[in-house]
Number of protein chains: 2
Amino acid sequence: MKKIKVGLIGLGTVGGGVVEILANHTEDFKARAGVDVTLARFADRNEERFAQLGLDPDKCTTDAFEVVADPDLDIIIELVGGTGIALEICRAALEAGKHLVTANKAIMATAGHELLKLAEERGVNVRFEASVGGGIPIIGPLKRSLVANEISQVMGIVNGTTNYILTAMAHDGLSYDEALSQAQELGYAEADPSADVDGGDAAAKIAILASIAFNTTLTMDQVFTAGIRTIDAADIAYADEYGYAIKLLAIATRTPEGIDMRVHPTMIPKIHPLAHVNGVDNAIYVIGDAVGETMFFGPGAGAGAAASAVVADVIEVARDIITHNVTKQCSCVDDLAVRDIEKLKTRYYVRMIVEDKPGVLATTASAFADHDVSIESLIQHMCEEEGFAETAYVTHAASESDIQAALEEIRALDIVCEVASLIRVEDL
Amino acid sequence: MKKIKVGLIGLGTVGGGVVEILANHTEDFKARAGVDVTLARFADRNEERFAQLGLDPDKCTTDAFEVVADPDLDIIIELVGGTGIALEICRAALEAGKHLVTANKAIMATAGHELLKLAEERGVNVRFEASVGGGIPIIGPLKRSLVANEISQVMGIVNGTTNYILTAMAHDGLSYDEALSQAQELGYAEADPSADVDGGDAAAKIAILASIAFNTTLTMDQVFTAGIRTIDAADIAYADEYGYAIKLLAIATRTPEGIDMRVHPTMIPKIHPLAHVNGVDNAIYVIGDAVGETMFFGPGAGAGAAASAVVADVIEVARDIITHNVTKQCSCVDDLAVRDIEKLKTRYYVRMIVEDKPGVLATTASAFADHDVSIESLIQHMCEEEGFAETAYVTHAASESDIQAALEEIRALDIVCEVASLIRVEDL
C-alpha cells in the first residue's frame, strides 16, 4: 500500500484535532478506506505547539515554505487562516505539484477560482470541505450528491458565533454586549469579533456555496452583508411579539436578474426549523429541481468538527492519488450576474425612536407611503425617557431601493430621533 | 470526451424521473462535471412505458438481460425493485464487467456484501445512494465525508409512508386505517403496504446505513423490527398527554455488546426536531466522535428525489470510468456482533384494557414489579364499554427481557383483557 505523506501547516485547535484523528485512526483508514496516510511534516509559527502536540521535533519547522517545498510530501493541509501568507502557501503548494486541503473560507471565497484553475493545470486536487459548516458534509454533497439538480436556493445559518450570540440574547435575555462577552469567554468568539459579527465570515461561506450550487464564480465582496452589532434586546422582544425569531441568515437565490446573495439578520417565523437551530450549530438548506428541499445540520464550530472535515478531504485526496484520479476541480462554467441588493423585494421590520407628539405617526407613515412602502402592522411603546416613543413597523413586501429611500426621508424628519433597526423579514 | 453509455432497467416512476433529468441536463453534465452520459438502452416488462416516456423503440426491450449483455454499455441502472429478478440483473451486470447503480434497498440489505465483493473482483463500481433517504445525500456523506469518525449511532426517520400515516393520525385525528387509505390514494403507500407499515423497508435501510457506519456487514434480518399497524389513536393521545410524539424510528447504535439495530414505533419528546419531521420527509442523525451530531433531512420519497440520487451516482461512476478510478467498494472490514434485542434497556409505554375492579391496578403493578420493571407514571381512563378501564403506563428504564416477561405474566391475568400497545420511549 503506497504511503501518502502529508504536511500540516498551522497547528491551532483544528490542526491539533487533525493530529489527534490521524494518530488514532491510521490503521482504520488503511483497513476501511485502503489508504495509508501519515503526517510527515509540521509547521507553525509558534514552536511551543510542537511539544504540546507531542510531535517529533525533526519533523517540525517554523518555516511553512520548507514544508511546501519538501519533495517527499504528497498533500499539504493549510490551516493558517486569513488571506495573507496562507494564500502564498496554497499557491506554492499547488505550484510544487502538491494536492491541497484547506479549511480557509476567506481564501476560497476570494481566490478560490484561481487556486482551482492552478490545480487543474498542475494535475492536482484541492479540497475545502471544512471551509463551510464546520464538520457538516455540505460541499461534497452539493458538488457530487446533488449534481443532477438545477439548484434554486442555498441558505441557512452558517456562522456559529453569531448564532450563539443571538441565541443567548433570545433565550437568556442577555444584551448584545453580554452575549458577545460570554461567547468570547467560551472561545466561540475572537477577541476581535469583527469577521463574525459583521457578517464577513458568513459572506465568504455563502459565496463558496453559491459558486458550487450555481456553477459560477462568486466572491465574498459580491455578497450584500450586514452584521448583528445593531441588534438590540428590543428587536428580539418585538420579533417575539410578531411571532418571529432573529437569525443571521446567509441566502443565495437564483433569480431571472442574477444571483441574489446576502447575509443579514433576518426575522423568520418561530415555527420554522431554522428558528430552533441554536448555539453554535449550523443548518444549511439546499433546494433543487429534482430533489426538492434538503437540509444539512451539525456543529458549525469546534476543533473536532472541522478536523473531521479536513481528514475526510485528506482521505479522499489520498484515494485519488492512489488511483491517479484528478477530477475536474472547478465546475464554474456558467457566468451568472449578481443581482443588485436594490432589486430585493421582501418585507421589512423597522424600529425607530420618535418624539411623542400628535401627528408623528401620520408623518412617518406618509414618508413610507411616498415611496410605495405599505405598512402591514406596527407596535408603539412609550420610551422610558419622557416625550419619546418607540415604533416597530413591519411592512408589506417592498423593494430595497424603496425602503432605503423611505428611511432616508424619515431620518431627515425633525420628529424622528433615530432609525434604530432595519431587519429583513423572510417567511420561508 | 468519452461517451458513457447507460442501460436503464425498470421504467417506473423513478425510472421516468431518471429519463427526464438526463434528457434535460446532458449538456450541463458535460460542462459542469466533464462527463458525457447517454441513456442508450431501456428495459421494462411493460411495453407501454416506452411510448409513454417517448423513447426510441429500437433502444427498448422487455428483456432486461438483453440490456445487461449489451457490450456497448458501461453502466447499468437497476430500478426493478425486489430481490428476485432484480438480484439476478445486478449479478449479471457485474459479471459482465458493467458498473452498477441501484436504488434497491432490499438487495443491498441482503446481498449487498456479495455484490460489492463481486464488483471488486471485476474492477467495477456499485453505487446505491437512492436506496436510503430518497434524494437526501446520506450514503455518500457517511462513506466519504464522515470517514474520519468513529460513528457511535445512526438513527432517524427513514420511511416516508409510515411517517405520512403517523403524521396524519397525530395532526388530522385520523385512525390508522383512514390514514393508510389516504396515503394509498396519494400514492405514498402501495396497495399491499406491508413492506412499509411492518417496518421491513426501514429495517433494510438501517441495515445499509449501519453496515457503512460501523464498517461491518449487517443484513435486514438482523434488525429487530416492529411496525405501526398496532398504533391506535388512543396511543397518539396518551403520547401527547405525556409530552411525546410517536415516530417509526430506525436506530443503530454501537454498544460494548455489539450493534443494537432496531426499527419500531417510538415515543420521542415533542420538543425534539425529529418530532417535527412530518409527512413523507426523512431525517437521519449521524453521531461521530470527531464531528459530534449531524443531521440530514429531505424528502424520503418521490420520483424526483430518488432520480436525483440515481443520476448523481451515474455521474460519479462516469467520472470514475473516465479516470479509471475503481475505489474500494466494501469497507466492512470489522466483524461486529449484533446485540440481542433482549439486552435493550429503555423506557416503555404499555397500554392495556383491564376489568374495572378493585385491586386491578395493584395486581398489574405487582406483575411489573416481579420482573424489576418500575413504573414512572400511569394514566387511567374508564372505557366506553362499562366495566372496563384503559391504563397507559410509562416505565422507568427496564430491560427488554424483563418487560416481555412482565407482559407475559400480565396477559395471563384474568382481569386483563388485552395488552393493546407496547411502545418504546427514547428521550434522545
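Being a predicted model, the structure only gives us computed values, none of them experimental. (Residues numbered from 1 in each chain as written. Chains lettered and ligands numbered in written order. Predicted model: local features only at pLDDT ≥ 70, side-chain atom pairs only at ≥ 80, totals over all residues. Heavy atoms only, no water.)

Draft legend 1. Summary view of the interface of chain A and chain B. Tallying the contact residues gives 47 residues for chain A and 47 residues for chain B. Of the roughly 3900 Å² buried at the junction of chain A and chain B (both faces included), carbon and sulfur atoms supply 58%. Inspection of the chain A/chain B interface yields four salt bridges. Put simply, chain A and chain B have eight residue pairs in polar contact (both at pLDDT 80 or more) between them. Taken together, the elements giving at least two residues each to the side of chain A that touches chain B come down to α1 (13-33), α6 (139-145), β12 (292-299) and α12 (303-322) of chain A. Broken down by element, the residue count for the side of chain A that touches chain B peaks at nine residues, all from α12(A). Grouping the constituent residues of the side of chain A that touches chain B by class yields 21 nonpolar, 14 polar and 12 charged. As paired elements, β12(A) and strand β12 (residues 292-299) of chain B share three bridges and run antiparallel to each other. Of the residues in β12(B), the one forming a bridge with Met295(A) is Phe297(B). (Contact = heavy atoms within 4.5 Å. Buried area = accessible area lost by both parts, 1.4 Å probe. Salt bridge = Lys/Arg side-chain N within 4 Å of Asp/Glu carboxyl O. Polar contact = N/O pair within 3.5 Å; in protein donor to acceptor, adjacent residues only side chain to side chain. Helix = DSSP H or I, 4+ residues; strand = E, 2+ residues; numbered from the N terminus. Nonpolar A, V, L, I, M, F, W, Y, C, P; charged D, E, K, R; others polar. Pairing = 2+ DSSP bridges.)

Draft legend 2. Inspection of the packing of aromatic side chains at higher detail. Residues and elements named next belong to chain B. Within the structure shown, the criterion is met by seven aromatic pairs over all chains. Consider the rings of tyrosine 238 and tyrosine 349, whose centres lie 6.5 Å apart with planes at 45 degrees: the pair is tilted. Here the residue tyrosine 238 occupies a position in helix α11 (residues 233-242), and tyrosine 349 occupies one in strand β13 (residues 345-355), the gap between them amounting to 111 residues. Like tyrosine 349, tyrosine 238 is buried. (Phe/Tyr/Trp six-rings, centres within 6.5 Å; stacked < 30°, edge-to-face > 60°. Buried < 20%, exposed > 50% of the residue type's maximum accessible area, 1.4 Å probe, protein only.)

Draft legend 3. Region of interest: the sheet that holds strand β2 (residues 36-43) of chain B. All names here are of chain B. Overall, parallel pairing links the six strands, which are arranged β3-β2-β1-β4-β5-β6 in an open sheet. Two strands close off the open sheet at either side, each with one partner strand: β3 (60-61) and β6 (126-127). Alignment of strand β1 (residues 3-9) against strand β4 (residues 75-78), held across four bridges, turns out to be parallel. Bridge assignment links leucine 8 to a residue of β4, and that residue is isoleucine 77. Against the sheet, helix α4 (residues 85-95) makes contact with β1, β4, β5 (99-102) and β6, and its axis sits at roughly 170 degrees relative to β4, the strand it touches most. (Axes fitted to C-alpha atoms, helices over the stretch in contact; angles between N-to-C directions.)

Draft legend 4. Summary view of the sheet that holds strand β1 (residues 3-9) of chain A. All names here are of chain A. Read from one edge of the open sheet, six strands run β3-β2-β1-β4-β5-β6, paired in parallel fashion. In this open sheet, the two strands that pair with only one neighbour each are β3 (60-61) and β6 (126-127). Along the sheet face, α1 touches β1, β2 (36-43) and β4 (75-78) and points at about 155 degrees away from the line of β2. Sitting on the sheet, helix α4 (residues 85-95) touches β1, β4, β5 (99-102) and β6, and the angle it makes with β4 is about 170 degrees.

Draft legend 5. Structural detail: the relation of the copies chain A and chain B. Taken as rigid bodies, chain A and chain B are interconverted by a rotation of 180 degrees and an axial shift of 0.0 Å, the fit giving an RMSD of 0.0 Å. When the rotation and shift are considered jointly, the pair of chain copies conforms to a two-fold rotation axis. Measuring from the rotation axis to each C-alpha of chain A, the shortest distance belongs to Phe296(A), at 2.4 Å. (Least-squares fit on C-alpha atoms with pLDDT ≥ 70 in both.)

Draft legend 6. Representation of helix α14 (residues 400-411) of chain A. In a regular helix each residue adds 1.5 Å, so 12 residues correspond to 16 Å; α14(A) covers 16 Å between its end C-alpha atoms and thus fits that length. On its buried face, α14(A) is in contact with β13 (345-355), α13 (360-370), β15 (388-395), β16 (398-399) and β17 (416-425) of chain A. (Expected span 1.5 Å × (residues − 1).)

Draft legend 7. Just the side chain of Arg49(B), in detail. All names here are of chain B. Following the sequence through the fold, arginine 49 ends up in helix α2 (residues 48-52). Of the side chains with opposite charge, aspartate 44 comes closest to the buried, unpaired arginine 49, at an N-O distance of 5.6 Å. Reaching out from arginine 49, the side chain makes a polar contact with the backbone oxygen of glycine 12 at a distance of 3.3 Å. At a separation of 2.9 Å, a polar atom in the side chain of arginine 49 contacts the side chain of glutamine 52. Those residues within four positions of arginine 49 in sequence are excluded, and the remaining contacts are Leu11, Gly12, Gly16 and Asp44. (Lys, Arg positive; Asp, Glu negative; His and termini not counted.)

Draft legend 8. Layout of the environment of Gly10(B). Residue and element names in this part refer to chain B. Tracing the backbone through its elements, the reader meets glycine 10 in the loop between β1 and α1 (13-33). When the C-alpha atoms of glycine 10 and alanine 103 are compared, they prove to be 11 Å apart, with 93 residues separating the residues in sequence. Those residues in contact with glycine 10 that lie beyond four places of it in its chain are Gly15, Ala43, Asp44, Leu79 and Val80.

Draft legend 9. Structural context of the nonpolar core. Counting 160 residues, the largest nonpolar core has Ile165(A), Val286(A), Ile165(B) and Val286(B) as the members making the most contacts within it. Other than its neighbours up to four places away in sequence, Ile165(B) contacts Tyr176(B), Ala179(B), Leu180(B), Ala183(B), Val197(B) and Ile228(B). (Core = buried A, V, L, I, M, F, W, Y, C linked by side-chain atoms within 4.5 Å.)

Draft legend 10. Structural view of the pairing of β5(B). All names here are of chain B. Of the two faces of β5, the one holding His99 and Val101 and the one holding Leu100 and Thr102 are both buried throughout. One crossover worth recording links β4 to the parallel β5 by way of α4, and it is right-handed. By the bridge criterion, two bridges tie β5 to β6 in an arrangement that is parallel. Residue valine 101 lies in a different strand from β6, and its bridge partner there is arginine 127. You can see the chain leave β5, run along helix α5 (residues 105-122) and come back into β6, and the turn it takes is right-handed. (Right-handed = clockwise from strand over helix to strand, strands pointing away.)

Draft legend 11. Spatial organisation of the pattern of salt bridges. For the coordinates displayed, the defined rule picks out 56 salt bridges over all chains. The salt bridge partner of Asp427(A) is Arg347(A), with a shortest N-O separation of 2.3 Å. Here Arg347(A) lies in strand β13 and Asp427(A) lies in the segment after β17, a separation of 80 residues in the sequence. When its relative accessible area of 40% is taken as the criterion, Asp427(A) is described as partly exposed. One salt bridge connects Arg339(B) with Asp260(B), and the closest N-O pair in it is separated by 3.7 Å. Here Asp260(B) lies in strand β10 (residues 258-269) and Arg339(B) lies in the loop between α12 (303-322) and β13, a separation of 79 residues in the sequence. Among the residues examined, Arg339(B) registers a relative accessible area of 13% and is labelled buried. The structure contains a network of salt bridges with shared partners spanning Asp28(A), Arg32(A), Glu150(B), Arg254(B) and Asp334(B).

Draft legend 12. Expanded view of the pairing of strand β7 (residues 151-157) of chain B. Residue and element names in this part refer to chain B. The buried fraction of β7 amounts to six of the seven residues, a majority that puts the element mostly inside the structure. Across six bridges, the pairing between β7 and strand β11 (residues 281-288) is antiparallel. In the sheet register, isoleucine 157 faces β11, and the bridge partner there is alanine 283. Pairing geometry for β7 and strand β9 (residues 244-255), over four bridges, is antiparallel. Bridging from a neighbouring strand, valine 154 pairs with alanine 252 of β9.

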